[in-house]
Amino acid sequence: MQTVEARTGSSFRVPAGASVKIVNPHGTQVADTWVLSPKTREWASMAHTRAATGRLFPKVGDHLFSNTRRPLAEFTEDTSGGIHDTLIPACDLSRYEMLGHVGHHDNCAENFTTALAEEGLADLGFVPDPFNVFMNVPWTAGGEIDFAPPVSSPGSYILLRALEDLIVIVSACPQDLVPVNGSLQETKEILVDVQGPPEPGRS
Ligand SMILES: [Zn+2]
């Protein structure tokens, strides 16, 4: 198990058949998550995933689809209560300025580009919309959305299984100006574990 410290991001290589476990140790923290194919330079696209699954956010048994509509990963386990978000982009400096913050603020967009560079991958030129794991963005029939605390409990997790060799980038979102990271608006760490595929011949 590796720690993605509060307000930072990290990348993880997940070979085909392996799974990545994303754990919410305090139950209150959002994990902005990107799934990328280093071979084809595709990314798991939230818009394409919504179109393929017919849902606002994936559930166990669904796939995450790439920007060319190829399945990259399967969502295989979820103990968090099943509430996540695909509507909201990664937080960035402009988002914090709009919320009244002055000066630098840690943000998921920078965490993504830094992690991508540390993997030796070329900048995409933009930040894909993340799979906002544990993020609770309730909506109304009229189309209004809200930013609410996660419903996940301490120690709950999700599991994504790689359908090909993938890079998964996880940012422990530093948003502390709206209550997406809990009503206390305190940012916390996320735990990540890459679990290899079962050895051949073993059950
Ligand atoms: Zn963020």
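Along each chain, numbering runs from 1 in the same order as the chain's sequence is written. A pLDDT threshold of at least 70 governs which residues receive local features in this predicted model, and a stricter bar of 80 or more applies before side-chain atom pairs are shown or counted, although totals over entire chains, interfaces and linings include all residues. The basis for every side-chain value is the complete set of heavy atoms in the structure, and neither hydrogens nor water enter the calculation.

- Per an unreviewed UniProt entry, the protein chain goes by DUF1989 domain-containing protein and derives from uncultured Arthrobacter sp.

**Some words on the nonpolar core**
Thinking step 1. If you look at the biggest cluster of nonpolar residues, it comprises 26 residues, and the most contacted ones within it are Ile22, Val35, Ile158, Val170 and Ile190.
Thinking step 2. A run of DSSP states H or I qualifies as a helix once it reaches four residues; a run of E qualifies as a strand once it reaches two. Both are numbered from the N-terminal end. The set of elements that each furnish at least two residues to this core consists of β2 (9-14), β3 (19-24), β4 (31-37), β7 (71-78), β8 (131-133), β9 (156-162), β10 (166-172) and β11 (190-195).
Thinking step 3. As used in this record, nonpolar core signifies buried Ala, Val, Leu, Ile, Met, Phe, Trp, Tyr and Cys residues forming a set joined through side-chain atoms within 4.5 Å. Throughout this description, buried means an accessible area under 20% of the type-specific maximum (1.4 Å probe, protein chains only), exposed means over 50%, and partly exposed covers the range between. Counting 20 residues, the second largest nonpolar core, distinct from the first, contains Val30, Leu36, Cys91 and Leu124.

**Re the layout of surface pockets**
Thinking step 1. We place a 1 Å grid over just the protein atoms. Points where a 1.4 Å probe fits but has no way out form a cavity, open points with protein on both sides within 12 Å along at least 5 of 7 lines form a pocket, and any residue with an atom within 4 Å of a point lines it. Grid points are joined across faces, edges and corners, and a volume is the space filled by probe spheres set on the points. Roughly 180 Å³ of volume is contained in the largest pocket.
Thinking step 2. The wall of the largest pocket is formed by 15 residues, among which Ile88, Pro89, Cys91, Arg95 and Met135 lie closest to the centre.
Thinking step 3. In terms of residue class, the lining of the largest pocket is made up of ten nonpolar, two polar and three charged. Here the term charged refers only to Asp, Glu, Lys and Arg, the term nonpolar to Ala, Val, Leu, Ile, Met, Phe, Trp, Tyr, Cys and Pro, and the term polar to all other amino acids, Gly among them.

**Concerning helix α1 (residues 46-53)**
Thinking step 1. Of all the positions in α1, only Met46, Thr49 and Thr53 are classed as buried. In an axial view of α1, the angular spread of the buried residues amounts to 60 degrees, which keeps them on one side of the axis.
Thinking step 2. On its buried face, α1 sits against β6 (63-65) and β8.
Thinking step 3. Positive phi appears at Gly54, one or two residues downstream of α1, with a value of about 70 degrees. Note: the arc covers the axis-to-C-beta directions of the helix. For this analysis, residues touch if any pair of their heavy atoms sits within 4.5 Å.

**Brief notes about the packing of aromatic side chains**
Thinking step 1. Here a pair means two rings of Phe, Tyr or Trp (six-membered ring of Trp) with centres within 6.5 Å. Their orientation is stacked below 30 degrees between planes, edge-to-face above 60, and tilted elsewhere. Across all of its chains, the model carries four aromatic pairs by this definition.
Thinking step 2. Note on Trp34 and Phe112: the rings are 4.7 Å apart at their centroids and 40 degrees apart in plane angle, and the pair reads as tilted. Placement of Trp34 in strand β4 and of Phe112 in helix α3 (residues 108-118) is noted, with a sequence separation of 78 residues between them.
Thinking step 3. Accessibility expressed as a relative area gives 0% for Phe112, which makes it buried.
Thinking step 4. Look at Phe75 and Phe131: their rings are 6.0 Å apart centre to centre, the planes differ by 80 degrees, and that puts the pair in the edge-to-face class. Taken together, the residues span a long stretch of sequence, with Phe75 in strand β7 and Phe131 in strand β8 at a distance of 56 residues.
Thinking step 5. Using a relative accessible area of 0% as the deciding quantity, one classes Phe75 as buried.
Thinking step 6. In this structure, Lys21 is placed above the aromatic ring of Tyr157, and the distance from its NZ or CZ to the ring centre is 4.2 Å.
Thinking step 7. Here, a charge over a ring means that NZ of Lys or CZ of Arg falls within 6 Å of the ring centre while also lying within 35 degrees of the ring normal. Here Arg95 stacks its cationic end above the ring of Phe147, 5.1 Å away from the centre of that ring.

**Points about the pairing of β7**
Thinking step 1. One bridge is not enough; two strands pair if DSSP finds at least two bridges between them. Summarising the sheet, β6 and β7 pair through three bridges and their orientation is antiparallel. Pairing of Leu64 across the sheet is with Ala73, part of β7.
Thinking step 2. Counting the residues in the hairpin turn of β6 and β7 gives five residues, including Arg69, whose phi is positive at 70 degrees.
Thinking step 3. Looking at chain direction, β7 and β9 are connected through five bridges and run antiparallel. Note that in β9 the partner of Glu77 across the bridge is Leu159.

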